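Chains, contacts and geometry: an overview
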Amino acid sequence: MLKKMLKYRIYLITIVLLSVIIFSISLYVIKSKPNSERFARGKDQIAVLMKASYELKRIWQNGDLDSLWKNLYLDCTKLLGDPALANDAYLRCNPDFIQCYFEHMNKSKQPHLTIHHKNIKQNVYLHRFKNHKYYQLVTKSIYIGKKIPPMGIMVELALQNNPKNRLRIILKDVCSEVLLPPRIYAFGPMPKDHKKDWKWDNFNRSILVDKNLVSNRDIREWQDHDPTIRLGHFSTGREQLSNPATTLTIVEMKKFCQFRGKELLSAHVFDAATFLPMDLSNPRPNLIIRSPWPFSRVSKEGHLYKAQKDENYEVTNSDCAFAYTADCLKYFQYKNYNDWALSFTGIAGSLGGYMEVFDNISYPDQNLKASSFYFPASSLVHRLAHRSYWDGVGFHQSNFRFDEKVDSSILKGVELEVAFRCMRQSDHD
Amino acid sequence: MIKISIMFISLILSSCFDKNNSMEEFEYILMKEFLGVHEVFLPTLKSKEGSGEIIGAPMSWVTIIKASKMKSSVSAVEYICVGYRVPYVNEHNNQLGILKIHKTQINKCPEYYPGEVSQSGITYLVLNLTQGILNFKLMLASKHLSKNIEIPLPNLPDSKEEVLTYITFDNEDNLLPLEKRTARYGLKPGEKCFDINSKCEVTKPNICDECKFGSFEVAGGSCKEGGVRFCQPIDCGRKNMPACLRSKKIHNEDACYQDSPAGFCQEGLNTYCGNDGYLTCL
């Protein structure tokens, strides 16, 4: 009997042992397999969102590469204005283009971004914030933080199949500024005695200058962000959005630049960014010789030299790309965000186009670049470092003071427009 | 027989309920946690020459990474520490290496890493950080598997990325950091955001990133750390105000003296060296 019992006990133990092993193994398999799959999926989701962020970065930085706006596939007149009056550069790092582009994707029921990852297509969407925008404007004046750029947008990306997993990114505006090369610069026209030249340098610091004039869209964005701002003369309803903002007072201009973490462009920095250095390879020249033209090192050449020497000189269509003067109005309309009158640093509108005001600390009564479409090419205003004065308040001719040699009677009492741009100094860039 | 059976069962059960994470989970957590990191500190560690394998006193915990990321606001920083228990493997011992992640609100990593997220069974670990990518190279004993984990850290200042300035990932509702300015918080215009004395001793660390409208550096300083900085707007060049910067010296040559060309002022005013060691306009 005992023997029989013992024999059964061994069977019993073996059965129990086997059941426990089977149970444990199945538990392990059940538990670990979905977990491992879940984490692998989680990693993939991060990878997809990261890829989507790079795709979004491409759209942000390059703007309308597929010419959707130009070909009127995107209806963005309210957000961006008339496509015929702006160039592609206008849409780069432009928050309103991002809004318009993804609104269009939404309307046409297309996924915002389609990402291929491990041979699978995944749809990624931009989160719409409470103000119905796909982005939040980010500037140092709005948010505090180490990684807050002077200007940019924040977006949140989420997967269609798992909207809870979200990637928040800040896209910095890397399109609108040019870096002033570190070197010794001179300010103002060349003096007869070069020892009296006003020199300065930007070694060991970065100075970044807006490539283009501040646009009406920029000002509207500022107003939208801070409804307490009251601008005396500005109205977005009337203005083409991509055109330069030309109805602000100098105080309002300075406040706008501050909003972007910048300051109004200084006259000596404008000179530095536009005078063409005689030898670019030598950043420490002893003598700084400068030509009055941003496009030539030779002062006795170019259409402006000819026009200022000979009253009968006929300005051609192609001359207007070097300086958009009064003579150019008959050829084509002026466009902001163009590459006209580009300086060696890449800033547009060195001569001609709109009048532009600066902060001139050393000589406050020389704060205006009068070179503009108000004056013909024969006028002396069309020379680098030729300065006039604007009181920064009104737009009537009496608010301006031009050099005696400049024939201002041609202005015929019209209200004058003054544009501006900003600059900033940085330790980081 | 019964004893053997019990030991066998408990061994199997313990393997089922082991708190050690799978490699996938550990990698996922590293990615998820480190993506938003904006500062990484790698302590100097003992390592084998040539291979770079992390070594140390067997069975001791060493902190191999300390990183910080902003959490609910810029003032609430979360620190992430990664600890490594150095393996102790010889003919008598088979104590393999363990990696653990520890999150804390205080700026200090623990001496000993208690039961947090971990990856065990490590025989070999190499760690490096280059161009915004944190790279773990490790060998797992169980599978004789060598694993390379690459964690992108796009928020680091030395990351090649210049457009995407901040990336953070989460599956919670509150995706931060982005703290809106309020009137009561932050530096005021005209306030010093970096201070340095004439002996080049920093008396206030640089917090100029917090200035609402950017910052302004005074003229006349000659320290390699730069001159005193104020939050903008500052009317430089005006009477009794700091001179505007004309040239920045960093080679310890004295640029703070009367009529110094290191700064410039409005017409009719001259530069003077003020008591604070920078140029002012009078």
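Worth saying up front: this structure is predicted, and the values here are computed from it rather than measured. (Residues numbered from 1 in each chain as written. Chains lettered and ligands numbered in written order. Predicted model: local features only at pLDDT ≥ 70, side-chain atom pairs only at ≥ 80, totals over all residues.)

1. Some points on the overall build of chain B
Check the secondary structure of chain B and you find two helices and 19 strands. Counting across all 282 residues of chain B, residues that qualify as buried make up 37%. (Helix = DSSP H or I, 4+ residues; strand = E, 2+ residues; numbered from the N terminus. Buried ≥ 20, exposed ≤ 12 C-beta atoms within 10 Å, placed from the backbone.)

2. So, the overall build of chain A
Counting its secondary structure elements, chain A contains seven helices and 17 strands. Within the span of chain A, comprising 429 residues, buried residues form 45% of the whole. At a minimum sequence separation of 6, the contacts of chain A that also span at least 24 residues come to 63%. (Contact = placed C-beta atoms within 7 Å.)

3. Side note on the interface of chain A and chain B
Between chain A and chain B, the contact holds 58 residues from the first and 52 residues from the second. Of all the secondary-structure elements, those providing two or more residues to the side of chain A that touches chain B are helix H1 (2-62), strand E4 (143-144), strand E5 (152-159), strand E6 (162-172) and strand E9 (198-201) of chain A. Tallying contributions element by element places H1(A) first for the side of chain A that touches chain B, with 21 residues. Across the side of chain A that touches chain B, the residue classes break down as 28 nonpolar, 15 polar and 15 charged. (Nonpolar A, V, L, I, M, F, W, Y, C, P; charged D, E, K, R; others polar.)

4. A closer look at the environment of A:Asn162
Residue and element names in this part refer to chain A. With respect to the helices, strands and loops of the structure, Asn162 is situated in strand E6. Accessibility expressed as a C-beta count within 10 Å gives 15 for Asn162, which makes it partly exposed. Along the chain, Asn162 and Val124 lie 38 residues apart, while their C-alpha atoms are 9.6 Å from each other.

5. Brief notes about helix H4 (residues 216-225) of chain A
Spacing of three or four residues puts side chains on the same side of an α-helix, whose turn is 3.6 residues. Among the residues of H4(A), A:Asn216, A:Arg217, A:Asp218, A:Ile219, A:Glu221 and A:Trp222 are the ones counted as buried. Among the structural elements, helix H2 (77-80), helix H3 (95-107), strand E3 (136-138) and helix H5 (250-259) of chain A are those in contact with the buried residues of H4(A).

6. Let's talk about the sheet that holds strand E12 (residues 355-357) of chain A
Residue and element names in this part refer to chain A. On the basis of which strands lie adjacent, the open sheet formed by three strands has the order E13-E12-E16 and mixed pairing. Each having just a single partner strand, strand E13 (368-369) and strand E16 (418-419) make up the two edges of the open sheet. Bridge count for E12 against E16 is two bridges, and the pairing is parallel. Paired with Glu356 across the strands is Ala419, a residue of E16. (Pairing = 2+ DSSP bridges.)

7. Thoughts on the sheet that holds strand E10 (residues 206-210) of chain A
All names here are of chain A. The strand order E7-E10-E17-E11 describes an open sheet built from four strands, whose pairing is antiparallel. Of all strands in the sheet, those with a lone pairing partner are strand E7 (177-179) and strand E11 (263-264), marking the two edges. Alignment of E7 against E10, held across three bridges, turns out to be antiparallel. From the neighbouring strand, Leu179 faces E10, where its bridge partner is Leu208.

8. What to know about the domain arrangement of chain A
Residues and elements named next belong to chain A. For chain A, the assigned domains are domain 1 (45-172) and domain 2 (177-429). Taking only C-alpha atoms into account, the centre of domain 1 sits 32 Å from that of domain 2. Class assignment for the residues of the side of domain 1 that touches domain 2 results in nine nonpolar, four polar and three charged. (Domains from an automatic or database assignment.)

9. A look at the nonpolar core
All names here are of chain A. In terms of nonpolar packing, the biggest core is built from 78 residues, with Leu49, Val124, Val155, Leu157 and Ile169 touching the most fellow members. Looking at this core element by element, the count peaks at eight residues for H1. Residues in contact with Val124, not counting those within four places in the same chain, are Val48, Leu49, Ala52, His112, Leu113, Ile115, Leu157 and Leu159. (Core = buried A, V, L, I, M, F, W, Y, C linked by C-beta atoms within 7 Å.)

10. Looking at the pairing of strand E12 (residues 192-196) of chain B
Each regular strand displays side chains that alternate between the two surfaces of the sheet. All names here are of chain B. One ladder, built from two bridges, connects E12 with strand E15 (residues 229-231); its direction is antiparallel. The residue of E15 that forms the bridge with Phe194 is Arg229. Looking at chain direction, E12 and strand E13 (residues 202-204) are connected through two bridges and run antiparallel. Bridging across to E13, Asp195 finds its partner in Lys204. Hairpin connection from E12 to E13: five residues lie between these consecutive antiparallel strands, with Cys200 at a positive phi of about 65 degrees.

11. Some remarks on the confidence of the model for chain B
Residue and element names in this part refer to chain B. For chain B, per-residue confidence averages 81 on the pLDDT scale, and 82% of positions sit at 70 or higher. Looking at the elements of chain B, mean pLDDT is at its lowest for helix H1 (residues 2-16), recorded as 51, and at its highest for strand E19 (residues 279-281), recorded as 95. Overall, residues 13-19 carries pLDDT values under 50, and its contacts beyond four positions in sequence, including any with other chains, amount to five contacts. Reported confidence for the predicted complex is 0.81 by ipTM and 0.84 by pTM. (pLDDT = per-residue confidence, 0-100.)

12. Notes on the pairing of E6(A)
Residue and element names in this part refer to chain A. Alignment of E5 against E6, held across eight bridges, turns out to be antiparallel. Note that in E6 the partner of Leu157 across the bridge is Leu167. Between E5 and E6, which pair antiparallel and follow one another directly, the connecting turn spans two residues.

13. Brief notes about the confidence of the model for chain A
Of all residues in chain A, 94% attain a pLDDT of 70 or more, and the chain-wide mean is 89. The secondary-structure element of chain A with the lowest mean pLDDT is H1(A), recorded at 76, while E12(A) shows the highest, at 98.

14. Concerning unusual backbone geometry
Comment: phi is negative for the bulk of residues other than glycine, and the bulk of peptide bonds are trans. In the segment running from B:Gln232 into B:Pro233, the intervening peptide bond is cis, with an omega of -5 degrees. Mapped onto the fold, B:Pro233 is located in the loop between E15 and strand E16 (244-245). The phi dihedral of A:Ala341 is positive, around 50 degrees, even though this residue is not glycine. The class for A:Ala341 is buried, based on 23 C-beta atoms found within 10 Å. Non-glycine residue A:Ala385 carries a positive phi angle of around 70 degrees.

15. Description of the environment of B:Lys192
Residues and elements named next belong to chain B. Tracing the backbone shows Lys192 in strand E12. What makes Lys192 partly exposed here is the crowd of 18 C-beta atoms within 10 Å. For the pair formed by Lys192 and Phe230, sequence separation is 38 residues and the distance between their alpha carbons is 4.3 Å. Those residues in contact with Lys192, other than ones at most four positions away along the chain, are Lys204, Val228 and Phe230.

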